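Close look at the chain arrangement
Residue strings, one per chain:
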Amino acid sequence: RGARGEASFTAGRGSADAQAGSGLQGLSALEQQAPSQHSAPSPVSSRSRSRQSSRDLVGPAIAEDGTLLEVEMGVGTPTTNLSDTLSAAGDAADEAALGDEASGDWLRFAFNPFSEPAAPKRQALPLCAANLAAIGAAGSAASLPAQGSREATAHIAHIGVGGFHRSHLAYVTDVLLTKQHAGEVKAAERWGIIGVGLMPWDKKMAEVLTKQDGLYSLLLRGNAAASARVIGSILEFVFVPADPEAALARLCSASVRIVSLTVTEKGYYRCTDGSLDRTAPLVKQDIDEWGGARGLAQPRTAFGLICTILQRRRSEGLGPLTVLSCDNMPMNGSVCRAVTLDFASAVDPDLAAWMERDVAFPNSMVDRITPATENEHRELLRSEYGIVDDWPVIAEPFLQWVIEDSFSAGRPSWELAMPNDVMLTADVEPYELMKLRLLNSSHSALSYAAMLCDHVFVDDALADPDVFAFLRAYMLEVVKTLGSVHGVDLAEYQRSLLERFSNAYIKDKLARLALDGSQKFMNTLQHALLYYRAQQELVCEVLAKSSWVAPTHKHAKEGTDIVALALAAFMRYAAGTDASGEPLELVDPLTDALRPIAVRAYAGLGGGPCIGDPAAAERGRLEATRAFVETIFGAEVAGWDAFVANVFEHADRIRRSTMRDVLRQCRLSQRRIVRAEKEECEARLKELCKTDELLTSRSEKDAVRRFYAEAPAAAASSDSAARTPAAANRVGGPGLRRVATATAASLRGARISAPPGGRV
């Protein structure tokens, strides 16, 4: 990547808590190893220089250890003796980090010198409402909430506050609040967010956001730009397990008009047929503990909480609200509605009937790649923007959010805040299917194949020709299951995805993409596979009657060949060890079911001798492959013999060699197809040129020849006659224009082609 002036660096992956909480944490190695485009710090500290040039002070700020500091304008350094102590400790921490570089688990992190400021070394301030003015006065390049902008008259209660929610819904709501405060958007209501923690692991987020007054930083990094923004739309946070009754009282208040959620696919507790799994322990416990008109005293699932809120609102005459799912699932609002009504039917049929009639569950689609937060992101924020944030969010600049305009109790005017990024529409499904099948399922397919080739980061995997060719072919197959999408060129969308996946500045990890693979494949591919199977059966019927119809491109294999390869790679990863015998961690709700099946499907890895009857062993592996497909997609997909056989064939090739070898053969096969198509295009072009020649009259040919004979002399004459730079820059000049006008008149509007190597 040297051609773009980028450089890669290493930074320590220390304890997140230690890095966020220590008051003596210095800047990372990123600043000390900055590329030549940045000026190196002089021996005189930036603090000393700033004191000599300015003594402008702003109000007190709070250091990481709670000490009150006076901050100098434009520098953000304390004027007490504590500053020297912090500086010395920070330098020592930097030296220790560099010294320990070879011994730890290191994450390579790309740094973009074109888009981020070469900020002087300064004391970073902890993020909280009391420090906002000081952070701004210290010269931070981050966008900060304006004073008085964090006020709301209506609220969105969001269940599952993680990076994904904070990179889109909370971000767009913050932009809307800012524009309303500035008078750029006129709207009656001002909306804020109440964060809701329901599960035990939400406690850490509750602590961080409470400590930071609901504030957090959003760091956007792309190939052309980088920016940071402090988000202020989360006004409160309630952690339900800590005080369930107080949390429910707040969530049942009249100002809460929308309950939104990002609880991931597994948080919906769905069976393969789409219904609610009432046998799941937490679901069963919520159903058993339902308490009539008051609902649950302590909800444990999102749907138990939603039904409790709605039950209490109905009892108190507050009316319905909107339930907005933002999870990556096809028709997420419809799915959320189905499982929520299923839960309500199990506990109170009257509640279910009221919800079915009055509560809206709009569908939505969110497209923004949001990696997990790493310590390196915290260090970038600290060193580049002077902000200490315990849990920032990193994301790509691209954002597309499409929402079905169906709300029960009003909504924010999100589309007015970001008209280029947010769309309200009556039909979300085409956009949702496009994103889920081309982005989300591609992410899952990429993750297992790339990790089996020893890659760790997404951008590094895309730089591997074998992996890139596999992913490109996968998208070309999956796109066949999509219809047209209004305003979207699907070929261009695929190209943009490959470019976005290659973004080196967010260092997205393949391990993140590999989480919950069974749920992701089921939600993104199940309907696509059933659709394609129906299409294939229809084609076979037509072929039986019409021998001249070709079902696929003559160079292409069966339409699910690469999808089958992706599932074979997932099954290989689920077997639990890589080619060298090292363990592979599978984080999936179906791990206990999938792993033994995958081990049977890959019996005899490496092509070793087969014990017993080879034919019987092959049948056993085939049946294990079918069981693997059925566990993920259900019996209907597993009953598609051609698809299961395709997965088995790829698995057998991987079993006998390696994932790398199979991907290389896939790439070479694609090259042969592309070259064959290229030769056909060239032959067709020659044929068209010959036909064009035959259809051109003699007078038209003479006019063309005369034009090319006279044009150089006319152009030279025009250049020599030019008196000013503006005249010289006119295309062709007057002499050439006269020749062109005469030629056009002689052709009388005929369309012609330039000769080989020529230009018209």
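The coordinates are above.
The present account deals with the structure reproduced in this document.

Let us now look at the overall build of the protein chain. The helix and strand tally for the protein chain stands at 30 helices and 17 strands. Taken across its 760 residues, the protein chain has 50% of its residues classed as buried. The long-range share in the protein chain, meaning contacts at least 24 apart out of those at least 6 apart in sequence, stands at 77%. Accessible surface, the protein chain as shown: approximately 33700 Å² in total, 54% of it carbon and sulfur.

Quick look at the packing of helix H12 (residues 332-347) against helix H13 (residues 349-358) now. Axes are the key here: two packed helices are described by the angle between their axes and the distance separating the axes. Remark: H12 packs on H13, axes separated minimally by 6 Å, with the N-to-C direction vectors making an angle of 150°. It follows that H12 is roughly antiparallel to H13 by the angle criterion. Residues Arg337, Thr340, Leu341, Ala344, Ser345 and Val347 of H12 form the contact with H13, whose participating residues are Pro349, Leu351, Ala352, Met355 and Glu356. Residues of the contact of H12 with H13, tallied by class, amount to seven nonpolar, two polar and two charged.

Bringing the pairing of strand E8 (residues 216-221) into the picture now. Of all six residues in E8, six are buried, a share of seventy percent or more. Burial along E8 is two-sided: Tyr216, Leu218 and Leu220 and Ser217, Leu219 and Arg221, pointing in opposite directions, are all buried. Where E8 meets strand E9 (residues 226-231), six bridges bridge the pair, whose relative direction is antiparallel. Along E9, the bridge assignment pairs Ser217 with Val230. Linking E8 to E9, which pair antiparallel, is a turn of four residues. Note that E8 and strand E15 (residues 393-395) share three bridges and pair parallel. Among the inter-strand pairings, Leu218 is bridged to a residue of E15, identified as Val393.

With that out of the way, let us pick up the environment of Ala187. Looking at the element boundaries, Ala187 is found in the loop between helix H7 (169-182) and strand E7 (191-197). Sequence separation of Ala187 and Leu416 is 229 residues, and the distance between their C-alpha atoms is 9.5 Å. With sequence-adjacent residues up to four places away left out, Ala187 is seen in contact with Gln180 and Ser413.

This model, assessed by the stated rule, comprises seven cavities of 30 Å³ or more. When its volume is computed, the second largest cavity comes out at roughly 80 Å³. Lining the second largest cavity are Glu477, Val478, Thr481, Leu525, Ala528, Leu529, Tyr532, Gly559, Thr560 and Val563. Contributions of two or more residues to the lining of the second largest cavity are made by helix H18 (465-478) and helix H21 (517-545). Counting residues per element, the lining of the second largest cavity draws most heavily on H21, at four residues. Residues of the lining of the second largest cavity, tallied by class, amount to six nonpolar, three polar and one charged.

Before going further, it helps to spend a moment on the pattern of salt bridges. By the definition in use, this model includes 34 salt bridges. Between Arg300 and Glu289 there is a salt bridge, with the nearest N and O atoms lying 2.8 Å from each other. With Arg300 in the loop between helix H10 (281-288) and helix H11 (302-316) and Glu289 in the loop between H10 and H11, this pair connects stretches of sequence that are eleven residues apart. Through salt bridges with shared partners, one network takes in Glu245, Arg294, Arg312 and Glu316.

Another aspect to go through is the sheet that holds E15. Hydrogen bonds between backbone groups are what pair the strands of a sheet, and the pairing can be parallel or antiparallel. Here we have three strands laid out as an open sheet, ordered E9-E8-E15, and mixed in their pairing. Edge positions in the sheet fall to E9 and E15, since each has one partner strand and no second. Each strand of the sheet is rotated relative to its neighbour by a mean of 20°, with strand direction disregarded. Along the sheet, helix H14 (residues 375-385) contacts E8, E9 and E15; its crossing angle with E8, the most-contacted strand, is approximately 90°.

Turning to the packing of aromatic side chains, a few remarks are in order. Across all of its chains, the model carries twelve aromatic pairs by this definition. These aromatic residues form a ring-pair network of at least three members: Tyr448, Phe521, Phe570, Tyr573 and Phe628. A cation over an aromatic ring shows up here: Lys507 above the ring of Phe457, its NZ or CZ 4.6 Å from the ring centre. Its guanidinium or amino end placed over the ring of Tyr602, Arg572 lies 5.9 Å from that ring's centre, counting from NZ or CZ.

Turning next to helix H22 (residues 561-574). Look at H22: 20 Å from first C-alpha to last across 14 residues, which is about the 20 Å you get at 1.5 Å a residue. Across the 14 residues that make up H22, a large majority, 14, are buried. Of the residues flanking the end of H22, it is Gly576, one or two places downstream, whose phi is positive at about 105°.

Attention now goes to the nonpolar core. The biggest cluster of nonpolar side chains holds 95 residues, and the ones touching the most others in it are Leu438, Leu446 and Phe643. If you tally residues by element for this core, the top one is H22, at twelve residues. Every residue in contact with Leu438, bar those within four places of it in the chain, is listed here: Leu433, Met475, Val478, Val479, Leu482, Leu490, Tyr493, Gln494 and Leu497. Residues Cys252, Trp290, Ile306 and Leu321 belong to the second largest nonpolar core, which totals 46 residues.

Scoring rules and cut-offs
Residues numbered from 1 in each chain as written. Predicted model: local features only at pLDDT ≥ 70, side-chain atom pairs only at ≥ 80, totals over all residues. Heavy atoms only, no water. Helix = DSSP H or I, 4+ residues; strand = E, 2+ residues; numbered from the N terminus. Buried < 20%, exposed > 50% of the residue type's maximum accessible area, 1.4 Å probe, protein only. Contact = heavy atoms within 4.5 Å. Areas by Shrake-Rupley, 256 points an atom, 1.4 Å probe, with all protein chains shown as cover. Axes fitted to C-alpha atoms, helices over the stretch in contact; angles between N-to-C directions. Parallel < 35°, antiparallel > 145°, perpendicular 65-115°, else oblique. Nonpolar A, V, L, I, M, F, W, Y, C, P; charged D, E, K, R; others polar. Pairing = 2+ DSSP bridges. 1 Å grid on protein atoms, 1.4 Å probe; cavity = no way out; pocket = protein on both sides within 12 Å on 5 of 7 lines; lining within 4 Å. Points joined across faces, edges and corners; volume = space filled by probe spheres on them. Salt bridge = Lys/Arg side-chain N within 4 Å of Asp/Glu carboxyl O. Phe/Tyr/Trp six-rings, centres within 6.5 Å; stacked < 30°, edge-to-face > 60°. Lys NZ or Arg CZ within 6 Å of the ring centre and 35° of its normal. Expected span 1.5 Å × (residues − 1). Core = buried A, V, L, I, M, F, W, Y, C linked by side-chain atoms within 4.5 Å.

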